[in-house]
Amino acid sequence: MSSIIDQLEESRARARLGGGRKRIDSQHAKGKLTARERLEVLLDPGSFEEFDMFVKHRSADFGMETTHIPGDGVVTGWGTINGRKTFVFAQDFTVFGGSLSETHAQKICKVQHMAMKQGAPVIGLQDSGGARIQEGVAALAGYTDVFQNNILASGVVPQISVIMGPSAGGAVYSPALTDFIFMVRDTSYMFLTGPDVLKTVTNEVVTAEELGGAKTHTTKSSVADGAYDNDMEALTEIRRLFDFLPLNNRDGVPVRTFYDEHDRTDRSLNTLVPENPNIPYNMGELITKVADEGDFFEIQKNFAKNILTGFIRLEGRTVGVVGNQPVVLAGCLDSDASRKAARFVRFCDAFSIPVLTFVDVPGFLPGTSQEYGGVIKHGAKLLYAYGEATVPKVTVITRKAFGGAYCVMASKHLRGDINYAWPTAQIAVMGSKGAVEILHREDLDKPDVIAVKTADYEDKFLSPFRAAERGYVDEVIQPMNTRMRVTRAFALLKDKQLDSPWKKHGNLPL
Ligand code: HXC
C-alpha cells in the first residue's frame, strides 16, 4: 500500500516539474514565473485543487509518440481568491512551449464547463507558442472548442485573460473573447501575424514588442485593458480586480466591509469645477473622492483618456464608473472613448453591476478623421449600451452636457434612474459661442449685440435649471454631498426591476 502511495507522490512530483529543471531555469532567466508559481501567487495559499495532472497528448507524429509530459503544457483546476472560488488554467511554457494540443484544449474546456455550471469566473494565464504544430487540425479543433466555450461563457461568468508570454496567431482569439485582457510589460506579446511574416508580406520591419507588446495594446489597439511590470504585480492586481467582480450573472455584486462613512462630505468638491468653463479639471479626483476609501480600479487607463472607466465601491458594494475626463480633449466623446465606455457599460450590465456616470462633455469630437472612422457607429455603441442596460443607473452632470453627448451619457431619457446635476451644470444643445453664431449670423459684425445675445443664451440655457424644470434632472445637488447622494441613490435602487421587450438578441452597431 505504502509503495502505491509513494508512487503517486513520485508521479505528482514528476508532473510538477513540467518540462524539467533546465526549461524552468530558462523561464526564470526571462523574468517569468512558471505556471504553478503563478497560480500560487494568484490564489489563496493552499487553495488550489488541480485537475488532470496526468493527462498526456495522443499525438503519434513527428516523434511525439516518445515524448509525453504529464499535464500536457497546461495546469488547470480551481481555487479561491480572498475566499471566493474561481476556475483557472495556466499554460506551462516549459512543456512544448505551452503549445495547445487536443488534450491541452480538453483540459481548458473542462474548467470552462465547470465554471459555467458552478457559476464561478475563469482566469486564464496565457504563455504559449500557439497551436501544437505536430498535431495539425486536432490542435485547431481544440482551439475552436475553447473559443466556443468562451462565447457561451460570455455574460454568464466573468472571464479574465492574463498574457504572460507569447500569444500568437489564431490563439489570440481566446483572450479576445474574454472580458478583460491584462499583459506583462516586456515579456508578453499578442499578434495575429508575427514580425517575420510581416517583413516578407508587407516589407514592414517591426519588433515583437512594437507590434504586439503591452504598450501597443494598452495605448494604440485597446486590445488589452491594463499592463503591469512583472508577473507578481500582474497577478496581485488581478486579485484586486477579482474582489470587485460578481462570481456570475445571477450572484449580484460582492459586498464587503467598508471603512468609510457613507455620508462623508468633501468641501473641496465645491471648488473642483473652475469658474472659467474652458479650464479643465481632473474627473479622476471626483471619482476617488466619492469611492469607498478612495479605491478606484481603472480599466483601459492608457487608452482613450478622454473617458475614465473602472470599478469603485459604495458602502462596500461594487459600482462601475464612467466619467468624461475634461483634462484630455476637453472630455469630448470620440470613437475610441465611445467604444471603451460602451464595452465597459455592457460588462457591468451583463453582471448586474450598477453604473455611476459623471458627465462633463462638450460634445462629440468634430473632424474628418472621426467621421471617416465611423464615429456615428461608435457613438451609437455607447448610446445602445446605456439604453439597453437595466442595472441601476445614477448620473451626475458636473458641468457641460451638450448636444448628442448629453443624450448619450446615461441621460434620463435612456432609462437613467436618478439624474443629478451640480449647480455648475450647463445642459444645452451646444455652448454659447456656437449657438449665438448660428442664431444671430447677421449680427456677427456687431460685438455689442453678440455680447447681449450670448449673455441671454447663457442665462437661459447654461444652467441645470431648464432640465430640472422638466424633471430631466431629478435634483440639483451640492458638489460636496455627491458621495452621500449617490450612495443613497444606489441603496434605493438595490432591488430595481426593469425588463426590456423579449428578443433573441439586439443588433448592437458593431
Ligand atoms: C509545438 C512548440 C510550439 C508550437 C514552441 N514550441 N511553439 N512546439 N508547437 N506551436 C516548442 C519549441 O519547439 C521548443 O521546444 C519550446 O517550445 C520553446 O520554444 P522556443 O522556440 O525555444 O522558445 P522561444 O525562443 O522563447 O520562442 C517562443 C516562440 C517560438 C516565439 C513562441 O517558439 C515560436 O515562434 N513558435 C511557433 C509559434 C507559432 O507560429 N505558432 C502557431 C501560431 S498559429 P524545445 O523542446 O526545444 O524546448 C496558431 C493557430 C491557432 O496558433 C489557430 C486557432 C484558430
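One can find the structure itself at the top, above this paragraph.
Source: prediction; values computed, not measured.

A. Geometry of the overall build of the protein chain. Along the backbone of the protein chain there are 19 helices and 17 strands. On C-alpha atoms alone, the protein chain measures out to a radius of gyration of 26 Å, which is about the 24 Å that the 2.2 N^0.38 rule sets for 510 residues. Dimensions along the principal axes, computed over C-alpha positions, put the protein chain at roughly 95 × 55 × 45 Å. Burial analysis of the protein chain (510 residues in total) assigns 52% to the buried set. In the protein chain, the share of contacts with a sequence separation of at least 24, taken over all contacts with a separation of at least 6, comes to 74%. With the model as given, the accessible surface of the protein chain reaches about 23300 Å², and the carbon-plus-sulfur share is 55%. Looking at charge distribution, the protein chain has the averaged site of its 58 positive side-chain charges lying 3 Å from that of its 62 negative ones.

B. View of the packing of aromatic side chains. Following the criterion strictly, the structure yields 13 aromatic pairs and no others. For the ring pair phenylalanine 180 and phenylalanine 311, a centre distance of 6.3 Å and an interplane angle of 80° mean the geometry is edge-to-face. Of this pair, phenylalanine 180 sits in strand 7 (residues 180-184) while phenylalanine 311 sits in strand 11 (residues 307-314), and the two are 131 residues apart along the sequence. In this structure, phenylalanine 180 and phenylalanine 311 share a single accessibility class: buried. On the numbers, 5.2 Å between centres and 55° between planes, the contact of tyrosine 457 with phenylalanine 461 is tilted.

C. Highlighting the nonpolar core. If you look at the biggest cluster of nonpolar residues, it comprises 64 residues, and the most contacted ones within it are Leu42, Ile123, Phe182 and Phe311. Here this core takes 7 residues from helix 12 (residues 335-350), the largest share from any one element. Each residue touching phenylalanine 182, except ones within four places of it in the same chain, is listed here: Ile160, Ser161, Val162, Ile163, Asp225, Gly226, Tyr228, Ile238, Leu241, Phe297 and Ile299. Grouped together as the second largest cluster of nonpolar side chains are 27 residues, Leu308, Phe358, Val486 and Phe490 included.

D. Local environment of the pairing of strand 7. Strand 7 sits mainly inside the fold: 5 of its 5 residues count as buried. The alternating pattern of strand 7 places Phe180, Phe182 and Val184 and Ile181 and Met183 on opposite faces, both of which are buried. Note that strand 5 (residues 159-163) and strand 7 share 4 bridges and pair parallel. Bridging from a neighbouring strand, serine 161 pairs with isoleucine 181 of strand 7. Two elements, strand 7 and strand 9 (residues 226-228), share 3 bridges in a ladder whose sense is parallel. Along strand 9, the bridge assignment pairs phenylalanine 182 with glycine 226.

E. Here's a closer look at the sheet that holds strand 5. Reading across the sheet, the 7 strands line up as 1-2-3-4-5-7-9 and stay open at both edges, with mixed pairing between neighbours. Strands at the two margins of the open sheet, each flanked by one partner only, are strand 1 (49-51) and strand 9. In this sheet, adjacent strand axes meet at a mean angle of 20° when their direction is disregarded. Sheet contacts for helix 10 (residues 231-244): strand 2 (74-81), strand 3 (84-91), strand 4 (122-126), strand 5, strand 7 and strand 9; angle to strand 7, the most-contacted strand, approximately 160°.

F. Representation of helix 10. With 14 residues, helix 10 extends 21 Å from end C-alpha to end C-alpha; this agrees with the ideal 20 Å at 1.5 Å per step. With respect to burial, helix 10 is a largely interior element, 10 of its 14 residues being buried. Looking at helix 10, one finds that the buried residues are Asp231, Ala234, Leu235, Glu237, Ile238, Arg239, Leu241, Phe242, Asp243 and Phe244. Structurally, the start of helix 10 carries an N-cap: the backbone nitrogen of methionine 232 is 3.2 Å from a side-chain oxygen of asparagine 230.

G. Layout of helix 19 (residues 482-492). Along helix 19, the residues that are buried comprise Thr482, Arg483, Val486, Thr487, Ala489 and Phe490. Looking straight down helix 19, one finds its buried side chains confined to an arc of 160°; they lie on one side. The outward face of helix 19, more than 90 degrees from its buried face, is lined by the exposed residues Arg488 and Leu492. Residues of helix 19 that are buried in the fold lie against helix 11 (283-290), strand 11, strand 12 (317-324), strand 13 (355-361), strand 14 (393-402) and strand 15 (418-421).

H. Layout of the site of the ligand. Every one of the 20 residues lining the ligand counts as a neighbour, but Arg23, Gly97, Gly129, Ala131 and Ile133 are closest to it. Interatomic distance of 3.4 Å between a side-chain N/O atom of lysine 30 and an oxygen atom of the ligand. For the ligand, an oxygen atom lies 3.0 Å from a polar atom in the backbone of glycine 97. Contact with the protein chains hides 54% of the accessible area of the ligand, taken as 1000 Å² for the molecule alone. Of all the elements in the fold, those that place two or more residues in the shell around the ligand are helix 5 (137-153) and strand 6 (166-168). At 3 residues, helix 5 tops the list of elements feeding residues into the shell around the ligand. By residue class, the composition of the shell around the ligand is 11 nonpolar, 6 polar and 3 charged.

I. Layout of the pattern of salt bridges. Summed over the entire model, instances satisfying the criterion amount to 27 salt bridges. The salt bridge involving aspartate 127 is made with arginine 38; its shortest N-O contact spans 3.0 Å. Of this pair, aspartate 127 sits in the loop between strand 4 and helix 5 while arginine 38 sits in helix 3 (residues 35-42), and the two are 89 residues apart along the sequence. An identical accessibility class is assigned to aspartate 127 and arginine 38; each is buried. One salt bridge in this structure joins arginine 240 and aspartate 295, with 2.9 Å as the shortest N-O distance. Of the two residues, arginine 240 is situated in helix 10 and aspartate 295 in the loop between helix 11 and strand 10 (297-299); the sequence distance between them amounts to 55 residues.

J. Spotlight on the pairing of strand 3. For strand 3, the tally of buried residues reaches 7 of 8 residues, placing the bulk of the element in the interior. From the end of strand 2 to the start of strand 3, which pair antiparallel, there are 2 residues, and asparagine 82 there has a positive phi angle of about 45°. Sheet topology places strand 3 next to strand 4; 4 bridges connect them, and they run parallel. Bridge pairing in strand 4 places alanine 90 opposite leucine 125. For the handedness criterion, the β-α-β arrangement of strand 3, helix 4 (residues 102-118) and strand 4 is classed as right-handed.

Conventions used here
Residues numbered from 1 in each chain as written. Predicted model: local features only at pLDDT ≥ 70, side-chain atom pairs only at ≥ 80, totals over all residues. Heavy atoms only, no water. Helix = DSSP H or I, 4+ residues; strand = E, 2+ residues; numbered from the N terminus. Rg over C-alpha atoms; globule rule 2.2 N^0.38 Å. Buried < 20%, exposed > 50% of the residue type's maximum accessible area, 1.4 Å probe, protein only. Contact = heavy atoms within 4.5 Å. Areas by Shrake-Rupley, 256 points an atom, 1.4 Å probe, with all protein chains shown as cover. Lys, Arg positive; Asp, Glu negative; His and termini not counted. Charge placed at Lys NZ, Arg CZ, Asp CG, Glu CD. Phe/Tyr/Trp six-rings, centres within 6.5 Å; stacked < 30°, edge-to-face > 60°. Core = buried A, V, L, I, M, F, W, Y, C linked by side-chain atoms within 4.5 Å. Pairing = 2+ DSSP bridges. Axes fitted to C-alpha atoms, helices over the stretch in contact; angles between N-to-C directions. Expected span 1.5 Å × (residues − 1). Polar contact = N/O pair within 3.5 Å; in protein donor to acceptor, adjacent residues only side chain to side chain. Arc of directions from axis to C-beta. Near = heavy atom within 4 Å. Nonpolar A, V, L, I, M, F, W, Y, C, P; charged D, E, K, R; others polar. Salt bridge = Lys/Arg side-chain N within 4 Å of Asp/Glu carboxyl O. Right-handed = clockwise from strand over helix to strand, strands pointing away.

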